[in-house]
Amino acid sequence: MGNAKMCAIFGEGPDELEFGYDEDYYLCAIMKYRLVAALQESVMKGYVDFVSTVEQGAPMWGAEACDAIKQLGGEITFTAAPNSEDQADRWHPERRERYFGMLERADEIIEPVGELYGTEYILSHADRVIVLGDTTHKRLHELTKRAEDMGIEVIIA
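Please read all numbers here as calculations on a predicted model, not as lab measurements.

### Comments concerning the pairing of strand β6 (residues 153–156)
Pairing of strand β5 (residues 128–132) with β6, which is carried by four bridges, proceeds in the parallel orientation. Within β6, the position partnered with Val-129 by the bridge is Val-154.

Quick look at the structure:
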């Protein structure tokens, strides 16, 4: 990851979204568009290292968008920082397959070790955080506040 600026991707998961797991729902397409726009803006501002927990919802979509940027020739890196070794164990098989596929294509995987993994690792290394979704939800509100308190630039997508 070097001295490049790191951009983290957080956001709502299916249990927090009004459309749940239905990624064909029109609001999902709008959210993904906003996420891609925020990623593109970050790249234009010099961010080349991206990281997420690759959890279901926004963190997975961000990982997949980074993968698409790389496949289109974008010179970025993607780091997967799962919150636990077994975070995908109870997921639907299709989502588990997407998750493990993203781990295979990640430039780096931060293995859960000690206290500094997943969200904690991300917040301790990020220069910018993209938050996709409703930041009035308790989890995203607290995450956004923590990032701001740590002096991390927060972009609400």
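On we go.
### Regarding the pattern of salt bridges
Pairing is possible between side chains that carry opposite charge, provided their charged atoms lie close to one another. Under the defined criterion, the tally for this structure stands at 13 salt bridges. A salt bridge links Asp-107 to Lys-70, with the shortest nitrogen-to-oxygen separation between them at 2.8 Å. Taken together, the residues Asp-107 in the loop between α3 (93–105) and β4 (108–109) and Lys-70 in helix α2 (residues 58–71) connect sequence positions 37 residues apart. Asp-107 gets classed as partly exposed once you look at its relative accessible area, which sits at 44%. Notably, a salt bridge pairs Lys-145 with Asp-149, separated by 3.0 Å at the nearest N-O pair.

### Points about the side chain of Asp-67
With respect to the helices and strands, Asp-67 occurs in helix α2. With a relative accessible area of 9%, Asp-67 lands in the buried category. One polar contact links Asp-67 to Arg-105, side chain to side chain, over a distance of 2.9 Å. Residues in contact with Asp-67, not counting those within four places in the same chain, are Met-102 and Arg-105.

### Considering the pairing of strand β1 (residues 5–11)
Of all seven residues making up β1, six are buried, and the element is well covered by its neighbours. Relative to strand β2 (residues 47–52), β1 runs parallel, the two being bridged by four bridges. By the bridge assignment for β2, Cys-7 is matched with Phe-50. Handedness of the β-α-β unit built from β1, helix α1 (residues 26–44) and β2 comes out right-handed. Of the pairings in the sheet, the one linking β1 to β5 comprises five bridges and is parallel in character. The residue bridging Cys-7 from the neighbouring strand is Arg-128, located in β5.

### Quick look at the nonpolar core
With 31 residues, the main nonpolar core has Leu-39, Phe-50, Val-54, Trp-61, Phe-78 and Ile-130 as its most contacted residues. Elements supplying a minimum of two residues to this core: β1, α1, β2, α2, β3 (77–80), α3 and β5. The dominant element in this core, judged by the number of residues it contributes, is α2, at six residues. Judged by nonpolar contacts, the second largest core, of 17 residues, contains Ala-8, Val-129, Leu-143 and Val-154.

Conventions used here
Residues numbered from 1 in each chain as written. Predicted model: local features only at pLDDT ≥ 70, side-chain atom pairs only at ≥ 80, totals over all residues. Heavy atoms only, no water. Pairing = 2+ DSSP bridges. Helix = DSSP H or I, 4+ residues; strand = E, 2+ residues; numbered from the N terminus. Salt bridge = Lys/Arg side-chain N within 4 Å of Asp/Glu carboxyl O. Buried < 20%, exposed > 50% of the residue type's maximum accessible area, 1.4 Å probe, protein only. Polar contact = N/O pair within 3.5 Å; in protein donor to acceptor, adjacent residues only side chain to side chain. Contact = heavy atoms within 4.5 Å. Right-handed = clockwise from strand over helix to strand, strands pointing away. Core = buried A, V, L, I, M, F, W, Y, C linked by side-chain atoms within 4.5 Å.

Everything listed here is a matter of geometry and, on its own, says nothing about what the molecule does.
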